[in-house]
Amino acid sequence: MKPIIEMKNIVKTFSDNVVLDHVNFTLYEGETCALLGVNGAGKSTLIKILNGIYRADSGEIFFEGKNVKINVPQDAEKLGIRFVHQELNVCPDLTVAENIFVGHLKKNKFGFYDSKEIYKAAQELIDQLEIDIRATDRVGDLRAAEKQIIEILKAMTLNSKVLVLDEPTSSLSEKEKVIFFKLLATLKKKGVSFIFISHFLEDVLQISDRAIALKDAKNNGEFLTKEVTKEELIIAMMGKNAVQKERIKQENKKNATPVLELRNLCSAGKFQNINLTAHSGMILGVCGLLGAGKSEIARAIYGLDTFDSGEIIYKGEKIVKPKPVEMMKRHVAIVTEDRKIEGFAPLMSISENITLSVLSKFSTKLGFIKEKERAAESLRIAKEMTVKMTSDKQKVESLSGGNQQKVIIGRCVESKPDLFILDEPTRGVDVYAKTEIYNILIDMANSGVAVLIFSSELEELLAVCTDIIVLRSGEIKGSVSASDINKAQLLSMIS
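Residues numbered from 1 in each chain as written. Predicted model: local features only at pLDDT ≥ 70, side-chain atom pairs only at ≥ 80, totals over all residues. Heavy atoms only, no water.

Here we look at helix α1 (residues 43–50)
And then number 1: In terms of burial, α1 is a largely internal element, 6 of the 8 residues being buried.
And then number 2: Turning to α1, its buried residues number three or more, namely Lys43, Thr45, Leu46, Ile47, Ile49 and Leu50. (Buried < 20%, exposed > 50% of the residue type's maximum accessible area, 1.4 Å probe, protein only. Helix = DSSP H or I, 4+ residues; strand = E, 2+ residues; numbered from the N terminus.)

Brief notes about the sheet that holds strand β7 (residues 162–166)
And then number 1: What the 6 strands build is an open sheet, ordered β6-β7-β8-β3-β9-β10; its pairing is mixed. Either end of the sheet is taken by a strand with one partner, and the two such strands are β6 (81–84) and β10 (218–224). For this sheet, the mean inter-axis angle between neighbouring strands, taken without regard to orientation, is 20 degrees.
And then number 2: Pairing analysis gives 4 bridges linking strand β3 (residues 32–36) to strand β8 (residues 193–197), with the strands arranged parallel. When the sheet's bridge partners are listed, Cys33 is paired in β8 with Ile195. (Pairing = 2+ DSSP bridges. Axes fitted to C-alpha atoms, helices over the stretch in contact; angles between N-to-C directions.)

Things to note about the pairing of strand β11 (residues 258–267)
And then number 1: Across 6 bridges, the pairing between β11 and strand β12 (residues 271–279) is antiparallel. Bridge pairing in β12 links Leu262 to Leu276.
And then number 2: If you look at the hairpin formed by β11 and β12, you'll find 3 residues sitting between the two strands, and Gly269 has a positive phi there, around 80 degrees.
And then number 3: By the bridge criterion, 5 bridges tie β11 to strand β14 (residues 309–314) in an arrangement that is antiparallel. Residue pairing across strands places Arg263 opposite Glu311, the latter belonging to β14.

Re the side chain of Glu414
And then number 1: Tracing the chain through its elements places Glu414 in helix α14 (residues 401–414).
And then number 2: In terms of polar contacts, Glu414 uses its side chain to reach the side chain of Lys361, at 3.2 Å.
And then number 3: Leaving out residues up to four positions away in the same chain, Glu414 has contacts with Ile354, Val358, Lys361, Phe362, Glu377, Arg380 and Ile381. (Polar contact = N/O pair within 3.5 Å; in protein donor to acceptor, adjacent residues only side chain to side chain. Contact = heavy atoms within 4.5 Å.)

Describing the pattern of salt bridges
And then number 1: One pass over the full model with this rule turns up 31 salt bridges.
And then number 2: Here Arg138 makes a salt bridge to Asp141, at a shortest N to O gap of 2.9 Å.
And then number 3: Taking the relative accessible area as the measure of exposure, Arg138 reaches 34% and is therefore partly exposed.
And then number 4: Of the charged contacts in the structure, one is a salt bridge between Glu311 and Lys318, with a shortest N-O distance of 3.4 Å. (Salt bridge = Lys/Arg side-chain N within 4 Å of Asp/Glu carboxyl O.)

Some remarks on the sheet that holds β14
And then number 1: Taken in spatial order, the 4 strands make up an open sheet running β12-β11-β14-β15, and their pairing is antiparallel. A single partner strand is all that each edge strand has here, and the edge strands are β12 and β15 (317–319). Across the sheet, the axes of successive neighbouring strands diverge by a mean angle of 20 degrees, strand direction being ignored.
And then number 2: Sheet contacts for helix α9 (residues 294–302): β11, β12 and β14; angle to β12, the most-contacted strand, approximately 65 degrees.

Some points on the environment of Thr229
And then number 1: Among the secondary structure elements, Thr229 is positioned in the loop between β10 and α8 (230–238).
And then number 2: Since its relative accessible area comes to 36%, Thr229 is described here as partly exposed.
And then number 3: When the C-alpha atoms of Thr229 and Phe344 are compared, they prove to be 36 Å apart, with 115 residues separating the residues in sequence.

Re the pairing of β8
And then number 1: Of all 5 residues in β8, 5 are buried, a share of seventy percent or more.
And then number 2: Residues Ser193, Ile195 and Ile197 line one face of β8 and the alternating positions Phe194 and Phe196 line the opposite face, and both faces are buried.
And then number 3: The pairing of β7 with β8 spans 5 bridges and is parallel. From the neighbouring strand, Val164 faces β8, where its bridge partner is Ile195.
And then number 4: Each parallel crossover has a hand, and for β7 linked through helix α6 (residues 174–189) to β8 it is right-handed. (Right-handed = clockwise from strand over helix to strand, strands pointing away.)

Some remarks on the layout of surface pockets
The probe, sized like a water molecule, is rolled over the atoms to show the empty space still left.
And then number 1: A volume near 1100 Å³ is recorded for the second largest pocket.
And then number 2: Surrounding the second largest pocket, 44 residues form its lining, Thr45, Lys48, Ser398, Leu399 and Ser400 being those nearest its centre.
And then number 3: Contributions of two or more residues to the lining of the second largest pocket are made by β2 (17–28), α1 and α14.
And then number 4: Along the lines of polarity and charge, the residues of the lining of the second largest pocket split into 14 nonpolar, 20 polar and 10 charged. (1 Å grid on protein atoms, 1.4 Å probe; cavity = no way out; pocket = protein on both sides within 12 Å on 5 of 7 lines; lining within 4 Å. Points joined across faces, edges and corners; volume = space filled by probe spheres on them. Nonpolar A, V, L, I, M, F, W, Y, C, P; charged D, E, K, R; others polar.)

A short note on a negative patch on the surface
And then number 1: Together, Glu117, Glu124, Asp127 and Glu130 make up a negatively charged patch on the protein surface.
And then number 2: By the secondary structure assignment, Asp127 is in helix α4 (residues 115–129).
And then number 3: On the accessibility criterion, Asp127 (46% relative accessible area) is partly exposed. (Patch = residues over 30% accessible without salt bridge, like charges linked within 9 Å, V, L, I, M, F, W, Y side chains within 5 Å. Areas by Shrake-Rupley, 256 points an atom, 1.4 Å probe, with all protein chains shown as cover. Lys, Arg positive; Asp, Glu negative; His and termini not counted. Charge placed at Lys NZ, Arg CZ, Asp CG, Glu CD.)

Some thoughts on the side chain of Lys43
And then number 1: Mapping Lys43 onto the fold places it in helix α1.
And then number 2: Salt bridges are absent for the buried Lys43, whose nearest opposite-charge side chain, Glu167, sits at 6.0 Å.
And then number 3: Of the polar contacts made by the side chain of Lys43, one reaches the backbone oxygen of Gly37; its length is 2.9 Å.

Details of the nonpolar core
And then number 1: Membership of the largest hydrophobic core comes to 79 residues, with the highest contact counts inside it found for Ile5, Met7, Phe25, Leu35, Leu50, Ile81 and Ile195.
And then number 2: Ignoring sequence-local partners within four residues, the contact set of Ile5 consists of Phe25, Thr26, Leu27, Leu50, Phe62, Phe63, Ile81, Val162 and Ile195.
And then number 3: Counting residues in each nonpolar core, the second largest holds 45 residues, with Ile350, Val413, Leu461 and Ile494 among its members. (Core = buried A, V, L, I, M, F, W, Y, C linked by side-chain atoms within 4.5 Å.)

Considering the packing of α14 against helix α15 (residues 431–446)
And then number 1: Relative orientation of the contacting elements α14 and α15 amounts to 10 degrees, with a least axis distance of 12 Å. In this view, α14 runs roughly parallel relative to α15, as classed from their interaxial angle. Every residue of α15 that contacts α14 at Lys406, Ile409 and Val413 is listed here: Ala433, Glu436, Ile437, Ile440 and Met444.
And then number 2: Along the lines of polarity and charge, the residues of the contact of α14 with α15 split into 6 nonpolar, no polar and 2 charged. (Parallel < 35°, antiparallel > 145°, perpendicular 65-115°, else oblique.)

Keep in mind these numbers describe shape, not what the thing actually does.
Structural data, given as structure tokens:
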């Protein structure tokens, strides 16, 4: 096979922080090569250099054997390299069809924008994925998972030689992954090459031909995926394997106190007749396909969205119209699905973000902040969450997506909640950090916190939950013990 992309001895530093240290990466024609590494290993930086977003301090890039200069994203686009980034880049005020074809809108014979043709072509692409989105929908009204699907469709409309996919399956259900992988296989037969960046090692082993691992800003192994195990890939990324604590046992919750009860909760077009109880010391999971109503229920509990009827009972008290400020005072914490929009203050530091919910803890009677105390506490939490950073004064927007998520979870942990709601908590988080987050949730449950996880990642729910509630089309279709069911059985229930 001939190399289509060669990146040789790439070096990149930010201030005194070496992000890439003479990294080499090769992609061959017609192959899928996975690029692996924990959060902060340098994967996204390497890809941004390939896309012309960053300039390498030194090193060379070759495309189809020719030395090329990629100074701006348009240079990569002209070569036929297309990107689906982990951080979404959609236009919220445009429709789905307009987002998919933005920059290359179809025109009629008179040179005018052919809206009819665009909406028809977009809907055909959407129907291939068998998802409940319309080409005429306004993107700003969609959920994060649906926006990510639009990013994937956008890249697939162009005649690309190389598709770079950064966490493309993080928002997809198991059913949608199967359809998506079939589409990739079809494109691969047409000669398209893929760079596949993912923390889902099962997906890496299934879809890729080869894997290159980065560790501490350097190359740390190259593998044929048909000859390597998941454990070997983890060790190449981390230098050690991940060890998860034992899941909460059923006996721990038999006589536990109900912290949250939902009674016949309904919201038109979103969910109906939702009944569930989260007990102290229990990790309860809620799963379902895209559009099943998971996120909508989580948001209604915290007061981010309204609901039409039913009751929310928190610690025995009926909450008529929950509001975020009120729920925060009641020691309820939430990690929402869209961290970029709702999860953190990007221009504030790690320290400021972690302590944002508990500022009174570090305030004097006159309202001044005790900066030394706040800095010490935030640094402790950041280290506990293993946030990869140069300093706790670093702006959160400069962190990798996974490290941003750890900051958000760290802030919730710092608020010491009695009820902890998490919506897709480990999206974009590396395999080792996932285990660390699971262990924190298990420790919190053991200390008496009620943990409620809304997730489409079935392995996640099976790994940490006591019980799992199955949602389908906005209704509860069953409840199972996580220890009595496997992934295939759970998938059949939600499909």
